[in-house]
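Notes for the structure review
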Amino acid sequence: KKTTDIEFFFEIKNKGNGKDSFKFDLTGDYYKWGTITPQTSAELDAGETQKITVTVTIGDDFDKYMAKDYEIGLTVKSVGDEEVEDTDKSFTLTIEEVYSLVMTKYPSITINLAEKSSATLDVEVENAGNKDDTIRFTVRPGSPDDWVINILPSTKMIKMGNVQTV
């Protein structure tokens, strides 16, 4: 399974007047996407800083998530006094739009017609992207000049993950 890791870097500072260490937690609806290294700081002297890394892992199924910004929060708590915490840190992960269509019915079609006859064909199309999309249907060039080919409707709005018949 293919994954993508994105790293965010933070610097933590002991603003107290003595030694302390700190615990780090991720918050918000998407906190499970991230891991923190290290989970707890070393013991820091007053005014001393330490860098931490938040690694967000996106699986190859990222396209099932709607194209938008996803915010993840970072909470820092003092080990010496858990009443002391900083919850104002957050970072944003942007999932961009993915365009993808799948013909779910009749991806390759052959129709035999007698002269001066007609046929109707329904085709199912799935919006496999991560955002609602309006699809425009056209006929490839190359059909005989005396053929009349109509696609109705010629455009169709298909919601993310839905299948529509045209």
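Whatever comes next refers back to the structure up there.
We now turn to the structure provided with this report. (Residues numbered from 1 in each chain as written. Predicted model: local features only at pLDDT ≥ 70, side-chain atom pairs only at ≥ 80, totals over all residues. Heavy atoms only, no water.)

1. Quick look at the overall build of the protein chain
When helices and strands are counted, the protein chain shows zero helices and eleven strands. A compact globule built from 166 residues should have a C-alpha radius of gyration of about 15 Å, whereas the protein chain, at 27 Å, is more than 25% larger. When the 166 residues of the protein chain are sorted by exposure, 25% land in the buried category. In the protein chain, of all internal contacts separated by at least 6 residues, the share reaching a separation of at least 24 is 62%. Accessible area of the protein chain: about 11,800 Å², with a carbon and sulfur share of 46%. Charged side chains of the protein chain number 19 positive and 30 negative; the gap between the two group centres comes to 3 Å. (Helix = DSSP H or I, 4+ residues; strand = E, 2+ residues; numbered from the N terminus. Rg over C-alpha atoms; globule rule 2.2 N^0.38 Å. Buried < 20%, exposed > 50% of the residue type's maximum accessible area, 1.4 Å probe, protein only. Contact = heavy atoms within 4.5 Å. Areas by Shrake-Rupley, 256 points an atom, 1.4 Å probe, with all protein chains shown as cover. Lys, Arg positive; Asp, Glu negative; His and termini not counted. Charge placed at Lys NZ, Arg CZ, Asp CG, Glu CD.)

2. Some remarks on the pairing of strand β3 (residues 34-37)
Taking every second residue as pointing to the same face, the buried face of β3 carries Gly34 and Ile36, while none of Thr35 and Thr37 on the other face is buried. Note that β3 and strand β4 (residues 49-59) share four bridges and pair antiparallel. Within β4, the residue paired with threonine 37 across the bridge is threonine 53. (Pairing = 2+ DSSP bridges.)

3. Points about the environment of glutamate 11
Mapped onto the elements, glutamate 11 comes out in strand β1 (residues 3-13). What makes glutamate 11 exposed here is its relative accessible area of 52%. Through-space distance from the C-alpha of glutamate 11 to that of glycine 129 is 37 Å; in sequence the pair is 118 residues apart. Ignoring any residue separated from it by four or fewer positions in sequence, one finds glutamate 11 in contact with Thr49, Gln50 and Lys51.

4. Considering a nonpolar patch on the surface
Residues Ile111, Leu113 and Leu121 make up a contiguous nonpolar surface patch of roughly 250 Å² in combined accessible area. For isoleucine 111, the position within the fold is in the loop between β7 (101-103) and β8 (124-127). Overall, the relative accessible area of 44% leaves isoleucine 111 in the partly exposed class. (Patch = residues over 30% accessible without salt bridge, like charges linked within 9 Å, V, L, I, M, F, W, Y side chains within 5 Å. Salt bridge = Lys/Arg side-chain N within 4 Å of Asp/Glu carboxyl O.)

5. Observations regarding the side chain of serine 21
Relative to the helices and strands, serine 21 is located in the loop between β1 and β2 (22-27). Beyond its immediate stretch of four places on either side in the chain, serine 21 contacts Ser41, Ala42, Glu43, Lys77, Ser78, Val79 and Gly80.

6. Focus on the sheet that holds strand β5 (residues 68-78)
Pairing is antiparallel in the open sheet, where three strands are placed in the order β2-β5-β6. Taken across any chain shown, the strands that pair with only one partner, and hence form the sheet edges, are β2 and β6 (85-95). When the angles between neighbouring strand axes are averaged without regard to direction, this sheet yields 25 degrees. Across six bridges, the pairing between β2 and β5 is antiparallel. The residue of β5 that forms the bridge with threonine 27 is glycine 73. (Axes fitted to C-alpha atoms, helices over the stretch in contact; angles between N-to-C directions.)

7. Brief notes about the nonpolar core
One recurring pattern in soluble globular proteins: nonpolar side chains tend to sit buried together. The biggest cluster of nonpolar side chains holds 20 residues, and the ones touching the most others in it are Phe24, Trp33, Val54, Val56, Leu74 and Phe91. Breaking this core down by element, the ones donating at least two residues are β1, β2, β4, β5 and β6. Setting aside residues up to four positions removed in sequence, phenylalanine 91 forms contacts with Phe8, Phe10, Leu26, Val54, Val56, Tyr70, Glu71 and Ile72. Counting residues in each nonpolar core, the second largest holds six residues, with Val125, Ile135, Phe137 and Val166 among its members. (Core = buried A, V, L, I, M, F, W, Y, C linked by side-chain atoms within 4.5 Å.)

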